[in-house]
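# Structural features, examined
For reference, the chains in residue letters:
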Amino acid sequence: MKGRFDFTIDELGPCKVLSPIQLSKEHGDYRANYVKDNEFIRYNLDIYDNILETEADAYAHNLIQKAGPREYIYFNPKHVNAGICTCGGLCPGLNDVIRSVVRCLYNRYGVRRIRGIRFGFKGFFPEQGFDTIDLTPDVVDDIHKIGGSFLGTSRGGGDRVMDIVDAIEALNMNMVFIVGGDGTQRGALEVSEEIEKRGLKVAIVGIPKTVDNDLIFIQKSFGFDTAVQKATDAVAAAHMEAHSHINGIGLIKLMGRESGFIATATALASHEANFCLIPEVPFDLDGPEGFLAELEQRIVKRHHAVVIVAEGAGQNHLNATNATDASGNKKLGDIGTFLRDRINEYFAERKIHINLKYIDPSYQIRSAPATPTDSIYCERLGNNAVHAAMSGKTNLVIGLVHDKYVHLPIRLVTAKRNKVNPEGSLWRDALDATGQPILMVNDKDALPPPLNGDDDTATAIK
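Residues numbered from 1 in each chain as written. Predicted model: local features only at pLDDT ≥ 70, side-chain atom pairs only at ≥ 80, totals over all residues. Heavy atoms only, no water.

As recorded in an unreviewed UniProt entry, the chain goes by the name ATP-dependent 6-phosphofructokinase, listed as coming from Treponema brennaborense. Under the UniProt heading Subcellular location (unreviewed entry), the entry covering the chain gives this text: "Cytoplasm". (UniProt positions renumbered as here; feature names shortened; annotations may be inferred.)

## Some points on the overall build of the chain
A count of helices and strands for the chain gives 13 helices and 17 strands. Taking 23 Å as the expected radius of gyration for a compact globule of 462 residues, we find that the chain reaches 24 Å, a close match to that expectation. The C-alpha extent of the chain, read off along each of the three principal axes, is 75 × 60 × 45 Å. Going through the 462 residues of the chain one by one, you find that 54% of them count as buried. (Helix = DSSP H or I, 4+ residues; strand = E, 2+ residues; numbered from the N terminus. Rg over C-alpha atoms; globule rule 2.2 N^0.38 Å. Buried < 20%, exposed > 50% of the residue type's maximum accessible area, 1.4 Å probe, protein only.)

## Here's the deal with the packing of aromatic side chains
Counted according to the given criterion, the structure contains 12 aromatic pairs. The interplanar angle of 65° and the centroid separation of 6.3 Å between the aromatic rings of Phe283 and Phe291 together place this pair among those described as edge-to-face. By relative accessible area, Phe283 is classed as buried at 4%. Among the residues examined, Phe291 registers a relative accessible area of 0% and is labelled buried. Ring pairing ties together the aromatic residues Phe5, Phe7, Tyr43 and Phe217, which thus form one cluster. The side chain of Arg112 reaches across the aromatic face of Tyr106, ending 3.7 Å from its centre. Lying across the ring of Tyr377, Lys220 places its NZ or CZ 5.4 Å from the centre. (Phe/Tyr/Trp six-rings, centres within 6.5 Å; stacked < 30°, edge-to-face > 60°. Lys NZ or Arg CZ within 6 Å of the ring centre and 35° of its normal.)

## Comments concerning empty space enclosed by the protein
With the rule as written, the count across this model stands at 1 cavity of 30 Å³ or more. As a volume, the largest cavity reaches approximately 50 Å³. Residue classes in the lining of the largest cavity are distributed as 10 nonpolar, 1 polar and no charged. (1 Å grid on protein atoms, 1.4 Å probe; cavity = no way out; pocket = protein on both sides within 12 Å on 5 of 7 lines; lining within 4 Å. Points joined across faces, edges and corners; volume = space filled by probe spheres on them. Nonpolar A, V, L, I, M, F, W, Y, C, P; charged D, E, K, R; others polar.)

## Details of the packing of helix H4 (residues 161-170) against helix H5 (residues 182-197)
Running from N to C, H4 and H5 point in directions that differ by 60°, and their axes come no closer than 9 Å. Comparing the axis directions of H4 and H5 gives the class oblique. The crossing of H4 and H5 is right-handed. Contact residues: Val161, Met162, Ile164, Val165 and Ile168 in H4; Glu190, Val191, Glu194 and Ile195 in H5. Here the residues of the contact of H4 with H5 sort into 7 nonpolar, no polar and 2 charged. (Axes fitted to C-alpha atoms, helices over the stretch in contact; angles between N-to-C directions. Parallel < 35°, antiparallel > 145°, perpendicular 65-115°, else oblique. Left-handed = near helix turned anticlockwise from the far one by under 90°. Contact = heavy atoms within 4.5 Å.)

## Some thoughts on helix H9 (residues 335-349)
Look at H9: 21 Å from first C-alpha to last across 15 residues, which is about the 21 Å you get at 1.5 Å a residue. Along H9, the positions that sit buried rather than exposed are Ile335, Gly336, Leu339, Arg342, Ile343, Tyr346 and Phe347. The buried residues of H9 all sit within an arc of 130° when viewed along its axis, so they share a single face. In H9, the exposed positions angled more than 90 degrees off the buried face are occupied by Ala348 and Glu349. On the buried face of H9, the contacting elements are strand S11 (248-254), strand S12 (275-277), helix H8 (291-302), strand S13 (304-310) and strand S14 (355-359). Between the side-chain oxygen at the start of H9 and the backbone nitrogen of Gly336 there is a gap of 3.0 Å, and the oxygen is on Asp334. Trailing H9 by a residue or two, Lys351 shows a phi angle of about 55°, which is positive. (Expected span 1.5 Å × (residues − 1). Arc of directions from axis to C-beta. Polar contact = N/O pair within 3.5 Å; in protein donor to acceptor, adjacent residues only side chain to side chain.)

## Here's the deal with the sheet that holds strand S6 (residues 82-86)
As summarised here, the arrangement of the 7 strands in space is S8-S7-S6-S9-S10-S16-S17, forming an open sheet in which the pairing is mixed. Lying at the two open borders of the sheet, with one neighbouring strand each, are strand S8 (133-134) and strand S17 (404-409). Note: S6 against strand S9 (residues 175-180), 5 bridges, orientation parallel. The residue of S9 that forms the bridge with Ile84 is Phe177. (Pairing = 2+ DSSP bridges.)

## Examining the domain arrangement of the chain
Partitioning the chain into domains gives domain 1 (10-48 + 57-221 + 370-401) and domain 2 (225-368 + 420-434). Computed over C-alpha atoms only, the centres of domain 1 and domain 2 are separated by 35 Å. Counting from both sides, the interface comprises 17 residues of domain 1 and, opposite them, 17 residues of domain 2. Contact with domain 2 buries area across many residues of domain 1, yet Arg155, Val211 and Asp212 alone supply 37% of it, more than any other trio. Linking domain 1 with domain 2 are 1 salt bridge. A salt bridge links Lys220 to Asp225; the shortest N-O distance between them is 2.4 Å. If you look at where domain 1 meets domain 2, you find 8 residue pairs in polar contact (both at pLDDT 80 or more). Counted by class, the side of domain 1 that touches domain 2 contains 5 nonpolar, 7 polar and 5 charged residues. (Domains from an automatic or database assignment. Buried area = accessible area lost by both parts, 1.4 Å probe. Salt bridge = Lys/Arg side-chain N within 4 Å of Asp/Glu carboxyl O.)

## Re the UniProt feature "binding site: Mg(2+)" (unreviewed entry) in the chain
Per the UniProt entry, the sites bearing "binding site: Mg(2+)" (unreviewed entry) are Asp182 in this numbering. Residue position: Asp182 is located in helix H5. Take Asp182: its relative accessible area is 5%, and that puts it in the buried class. Not counting the four nearest positions on each side in its chain, Asp182 is found in contact with Leu215, Val413, Thr414 and Arg417.

Take a look at the structure:
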């Protein structure tokens, strides 16, 4: 996303405690170095005449602070009482993150009071009756080998800000690691603001978890690579079914409420999908240029087809409601079963025999253990989250930008959702992979404005 942004990171106070981690301040001595607060990366790599007017202006804006261990830290490790909670839906890598945070706190900084909050934000509420879990490296040693969340998770509760901060005070915690997606991090921001109002010295550090990969500024969220790999396996199965039957059709519904990154990446990775339907690109069902007509042409020509649909795609074709789930997300209609039934009806009306197989691997994907790539990513996210908290940084999430681990203000990454840009290079390459028409609509003049994503025009978020 293009524009000028304020990436300033909030701090609890000056760092006066010498870190117990013994690193180097020099280069060329074969020892890892401390990271300084004046080490940054530039967010915008591309230069646009209407955005960055001078070279001095380019260096003065869009500087993101690097993550990593500091020579001097804010908290005395002996006085640290840390908490960690996982919120929202399941995602591959949750246990890897928990393990990383605990091991870095315990082994690198010597922190001995680390507690897990059970079942997300709801674990803070006394009426729920959930005790905290004392966490040590021995307790978490093998949890990365299994899926799910060792601490448990739940949706909702982030709006009970006063109760959460009351619990943090009662538990005498001075740093809390909150693992969750867009809604969770918005709740974390409100918690941090209430902590500041009360004059408490508590670091709130987020670790972004959204399998949909829809947090802006962040290169990718953990669990995404695992999700794409598992989804690709489902597409391979659907393709085998479709290819093995007369006029076979494989239909796979994948995650992606408002952003079609998993569906798009899966189409690219599998090379076996012929259609990819995502929330960002509207499509008609009927008419000469609609999806069903294009699917019929594919069946007549090749006698099999594979269709990927993101869960948030085509919601205009279903009966919309204003209902929301516990996380505040709008409840979606089931586009997968709707398309399954509509495709069957369409071909039956035309007396064309098909054999349709419908696959929804969503919960199998969410509960899977992380792949090695994701496991490495989670380990490094957790380590850098600990370094940030120990240095008194707060109100931030750890992210990956241009392959560098950085500190990002929560207020920025939750300002809007990242989306696949229909006019960007990612979707262009997905169209090449599927061979589907650029647009499957009958009246292109009636299209709404595109939901721009990674190639946005200039935007300012404060």
